[in-house]
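Here's the letter readout for the chains.
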Amino acid sequence: MSVTVATRPFDGQKPGTSGLRKKVKVYQQPHYAENYIQSIFDSLEGFAGKTLVVGGDGRFYNTDVIQTAIRMAAANGFGRVIVGQNGLLSTPAASHVIRHHKAYGGLILSASHNPGGPDGDFGIKYNMGNGGPAPEKVTDAVFARSKVITAYKTTTTPDIDLTRTGKTMIEGMTAEVIDPVADYAQLMQQLFDFDAIRALFKSGFRMKFDGMGAITGPYAKVILEGMLGAPQGTVINGTPLPDFGGHHPDPNLVHAKELCDTVMLGSDFDFGAASDGDGDRNLIVGRGIYVTPSDSLAIIAANAACASGYRTGIAGIARSMPTSCAPDRVAKKLGIACYETPTGWKFFGNLLDAGLATVCGEESFGTGSNHVREKDGLWAVLMWLNILASTRKSVADIVTAHWAEYGRNFYSRHDYEEVESESANRLMDGLRANLPAIKAAHGLTTADDFAYDDPVDKSHTSSQGIRLVFADGARIIYRLSGTGTAGATLRVYLERYIADPALHGMETQAALQDLIALSRSIADIPGHTARTEPTVIT
Ligand code: G16
């Protein structure tokens with residue numbers, strides 16, 4: 001039976017960079033998830049009888065909210081819900097399922113790379129019919145609705161069985177549990193030369209893929225070990241667990257240290273990769289080398305034609321503003337455009353839909369293409385495997401050859417985590433107020449607060465990060481994270497371009513040393529945050 005439940009608004013249901021991420025304990029408050037889901041439905045139009053995709057990364061509280069969402073979808077008039085078996089769908093797979101099944105939209109339950117478990121984080125994100133995160137005009141409407149909501153609709157029906165594929169009827173709506181991997185695996189087979197990658201593994205090539213106890217494990221096992229013949233055991237931490245097995249499922253040099261040490265420092269493996277909580281991020285390492293996400297995007301763009309799905313070339317590249325300018329150099333050589341967007345995958349959607357960009361990426365370990373409307377961890381890994389299979393070169397050789405051809409953009413991000421919010425805001429306000437003086441004092445070519453005009457829908461987005469550009473093209477960028485759930489995280493992005501190959505072997509932090517010191521003094525980071533060193537350097 002459908003019922004309407006009275007409720008009262010909660011403060012702070014404002015979606016961040018990627019959906020509404022909060023502590024599990026916040027989400028566990030009675031009516032909290034329901035209010036947010038109803039605010040989403042109330043902000044949409046014309047979905048009666050249509051299909052909604054629901055899935056999550058398997059973190060603690062995932063199946064509870066999935067059952068809630070299914071009941072609410074039925075009561076709100078959707079005709080069908082497609083849900084991943086056991087409530088699982090990686091973020092890129094969810095994006096594909098939405099597109100493939102021509103769904104109206106989807107709810108993705110994830111807090112991405114944030115820790116899971118009862119004391120960890122949870123999140124809900126709405127994706128549109130193109131498979132991409134809702135644009136700001138929708139998320140703004142959801143937030144506005146959440147502030148005045150008085151009731152939500154649900155049903156009194158029991159939980160459906162998520163463990164078996166098949167269909168159940170709920171109040172006239174079909175709930176269809178699907179294999180979460182099948183559609184996605186088929187898409188990957190269309191995009192990449194599986195025969196060439198199979199031959200690479202057959203030749204003795206060895207890799208490790210770290211699923212980090214999160215969602216990508218099942219996808220990686222089916223595709224890498226199953227379809228591509230990588231040896232059993234290639235995928236480690238491959239079972240999704242509610243607390244990710246205690247891992248912080250963030251694929252970077254800090255949280256995937258074991259993988260990095262094994263592959264980069266050892267001699268047993270040619271290639272290493274990892275993906276995050278919800279499967280959209282990727283980390284790429286080779287023997288003796290870590291590939292920065294910015295370099296990875298540039299190298300993928302330069303070599304995309306190795307893969308069958310991109311053989312005819314790419315239309316354009318898009319990168320977020322803090323991502324290094326390495327992809328711009330590739331775009332220039334290919335004679336295509338490189339778009340610079342604010343941080344957040346949602347800003348790529350229009351460019352991809354309009355055919356202006358084919359590949360896109362961000363410094364935050366995200367890379368993807370127009371095959372879905374999310375970044376895609378396993379896609380990036382398969383693209384690298386395809387490039388390695390076609391060229392039969394090592395990761396290090398591919399990267400150093402790329403630098404030799406284009407020059408090297410030395411790049412690093414310094415994060416100051418869990419800073420008191422007021423201090424972080426004061427620091428940013430101080431920078432904003434002093435931009436003209438900073439520009440003059442350091443002879444900068446640009447000192448601004450980045451704003452973006454979308455070339456497709458003409459929307460304007462302001463205050464997307466302080467950008468300091470030096471006369472030689474070096475950059476320091478300051479931004480506050482939009483995905484954290486405790487205090488504020490100050491991100492400082494540092495970049496310097498060096499053309500001379502004789503200097504490309506320099507250690508990154510050493511190459512950026514003077515910029516690092518300047519970044520701290522210009523913003524008075526120690527004064528505002530009482531920190532002398534960042535929490536995480538990637
Ligand atoms: C999300 C977005 C990304 C963005 C990243 C960084 O990633 O989807 O597009 O680059 O946040 O966020 P911030 O710097 O604001 O913390 P994910 O993987 O968390 O969904």
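Below or above, wherever it landed, is the structure these notes cover. (Residues numbered from 1 in each chain as written. Predicted model: local features only at pLDDT ≥ 70, side-chain atom pairs only at ≥ 80, totals over all residues. Heavy atoms only, no water.)

### Here's the deal with unusual backbone geometry
Okay, step 1: Phi at His 31 takes a positive value of approximately 80°, unusual for a residue other than glycine.
Okay, step 2: Here His 31 is to be found in the loop between α1 (24–27) and α2 (32–42).
Okay, step 3: Despite not being glycine, Ala 530 has its phi angle at roughly 60°, a positive value.
Okay, step 4: Examined against the element boundaries, Ala 530 turns out to sit in the loop between α19 (525–529) and β26 (536–537).
Okay, step 5: By relative accessible area, Ala 530 is classed as exposed at 72%. (Helix = DSSP H or I, 4+ residues; strand = E, 2+ residues; numbered from the N terminus. Buried < 20%, exposed > 50% of the residue type's maximum accessible area, 1.4 Å probe, protein only.)

### Brief notes about helix α9 (residues 257–265)
Okay, step 1: Listing the buried residues of α9 in full gives Leu 259, Cys 260 and Val 263. In a view along the axis of α9, the buried residues occupy a sector of 95°, so they form one face of it. Along α9, the residues that are exposed and aim more than 90 degrees away from the buried face are Glu 258 and Leu 265.
Okay, step 2: In this structure, the buried side of α9 is in contact with β10 (207–210), β12 (271–275) and β13 (282–286). (Arc of directions from axis to C-beta. Contact = heavy atoms within 4.5 Å.)

### Side note on the side chain of Asn 386
Okay, step 1: Turning to its location among the elements, Asn 386 is positioned in helix α13 (residues 377–391).
Okay, step 2: Asn 386 has contacts with Phe 192, Asp 193, Ile 197, Cys 306, Ala 307 and Ser 308, leaving out every residue within four places of it along the chain.

### Side note on the pairing of strand β3 (residues 51–56)
Okay, step 1: Among the 6 residues in β3, 6 count as buried, and that is most of the element.
Okay, step 2: Sheet topology note: the β3/strand β4 (residues 80–88) ladder contains 5 bridges and is parallel. Residue pairing in the sheet places Thr 51 in a bridge with Arg 80 of β4.
Okay, step 3: Handedness of the β3-helix α3 (residues 62–76)-β4 crossover: right-handed. (Pairing = 2+ DSSP bridges. Right-handed = clockwise from strand over helix to strand, strands pointing away.)

### Considering the sheet that holds strand β18 (residues 366–369)
Okay, step 1: If you walk across this open sheet you meet the 4 strands as β16-β15-β17-β18, and the pairing is mixed. Unpaired on one side and paired on the other, β16 (337–341) and β18 mark the two borders of the sheet. Geometrically, the sheet is characterised by an average inter-axis angle of 15° between neighbouring strands, direction not taken into account.
Okay, step 2: Bridge count for strand β17 (residues 359–362) against β18 is 4 bridges, and the pairing is antiparallel. Its bridge partner being in β18, Cys 360 is matched across the sheet by Gly 368.
Okay, step 3: Across the sheet, helix α10 (residues 293–303) touches β15 (316–320), β17 and β18, and the angle it forms with β17 is around 170°. (Axes fitted to C-alpha atoms, helices over the stretch in contact; angles between N-to-C directions.)

### Observations regarding the sheet that holds β4
Adjacent strands of a sheet pair through backbone hydrogen bonds, lying either parallel or antiparallel.
Okay, step 1: An order of β2-β6-β5-β3-β4-β9-β8 is seen for the 7 strands of this open sheet, with the pairing classed as mixed. Among the strands making up the open sheet, the edge pair consists of β2 (20–23) and β8 (166–170). Strand-to-strand twist across the sheet, computed as the mean angle between neighbouring axes with direction ignored, equals 20°.
Okay, step 2: Alignment of β8 against strand β9 (residues 173–178), held across 5 bridges, turns out to be antiparallel. Paired with Gly 166 across the strands is Val 177, a residue of β9.
Okay, step 3: Relative to the sheet, α2 contacts β2, β3, β5 (105–109) and β6 (121–127), its axis offset from that of β6 by approximately 15°.

### So, the packing of aromatic side chains
Okay, step 1: The final tally for this structure, using the stated rule, is 17 aromatic pairs.
Okay, step 2: Here Tyr 27 and Phe 122 contribute two aromatic rings whose centre-to-centre distance is 5.0 Å and whose plane-to-plane angle is 75°, an arrangement assigned as edge-to-face. Of this pair, Tyr 27 sits in helix α1 while Phe 122 is found in strand β6, placing the two residues 95 residues apart along the sequence. For the pair shown, Tyr 27 and Phe 122 are each scored as buried.
Okay, step 3: Between Phe 41 and Phe 78 the ring centres are 5.3 Å apart and the planes differ by 55°, which places this aromatic pair in the tilted class. Of this pair, Phe 41 sits in helix α2 while Phe 78 sits in the loop between α3 and β4, and the two are 37 residues apart along the sequence. Neither Phe 41 nor Phe 78 differs from the other in exposure class; each is buried.
Okay, step 4: Positioned above the aromatic ring of Tyr 497 is the side chain of Arg 329, whose terminal nitrogen or guanidinium carbon lies 3.4 Å from the ring centre. (Phe/Tyr/Trp six-rings, centres within 6.5 Å; stacked < 30°, edge-to-face > 60°. Lys NZ or Arg CZ within 6 Å of the ring centre and 35° of its normal.)

### What about the packing of helix α7 (residues 194–202) against α13?
Okay, step 1: Their axes nearest at 9 Å, the elements α7 and α13 cross at an angle of 70°. Classified by the interaxial angle, the pair formed by α7 and α13 is roughly perpendicular. Across the interface between the two elements, Ala 196, Ile 197, Leu 200 and Phe 201 of α7 pack against Leu 382, Leu 385, Asn 386, Leu 388 and Ala 389 of α13.
Okay, step 2: Class assignment of the residues belonging to the contact of α7 with α13 gives a composition of 8 nonpolar, 1 polar and no charged. (Parallel < 35°, antiparallel > 145°, perpendicular 65-115°, else oblique. Nonpolar A, V, L, I, M, F, W, Y, C, P; charged D, E, K, R; others polar.)

### What to know about the pattern of salt bridges
Okay, step 1: Here the structure, examined in full by the defined rule, presents 30 salt bridges.
Okay, step 2: The partner of Arg 432 in a salt bridge is Asp 449, with the nearest N and O atoms 2.8 Å apart. Of this pair, Arg 432 sits in helix α15 (residues 421–433) while Asp 449 is found in strand β20 (residues 446–449), placing the two residues 17 residues apart along the sequence.
Okay, step 3: Classification of Arg 432 as partly exposed rests on a relative accessible area of 33%.
Okay, step 4: Between Arg 475 and Glu 495 there is a salt bridge, with its nearest N and O atoms 2.9 Å apart. Placement of the pair is Arg 475 in strand β24 (residues 475–480) and Glu 495 in strand β25 (residues 488–498), with a sequence separation of 20 residues.
Okay, step 5: With a relative accessible area of 4%, Arg 475 lands in the buried category.
Okay, step 6: A relative accessible area of 2% means that Glu 495 is categorised as buried.
Okay, step 7: Each of Arg 319, Asp 328, Glu 340, Asp 448, Arg 467, Arg 475 and Glu 495 takes part in a single network of salt bridges with overlapping partners. (Salt bridge = Lys/Arg side-chain N within 4 Å of Asp/Glu carboxyl O.)

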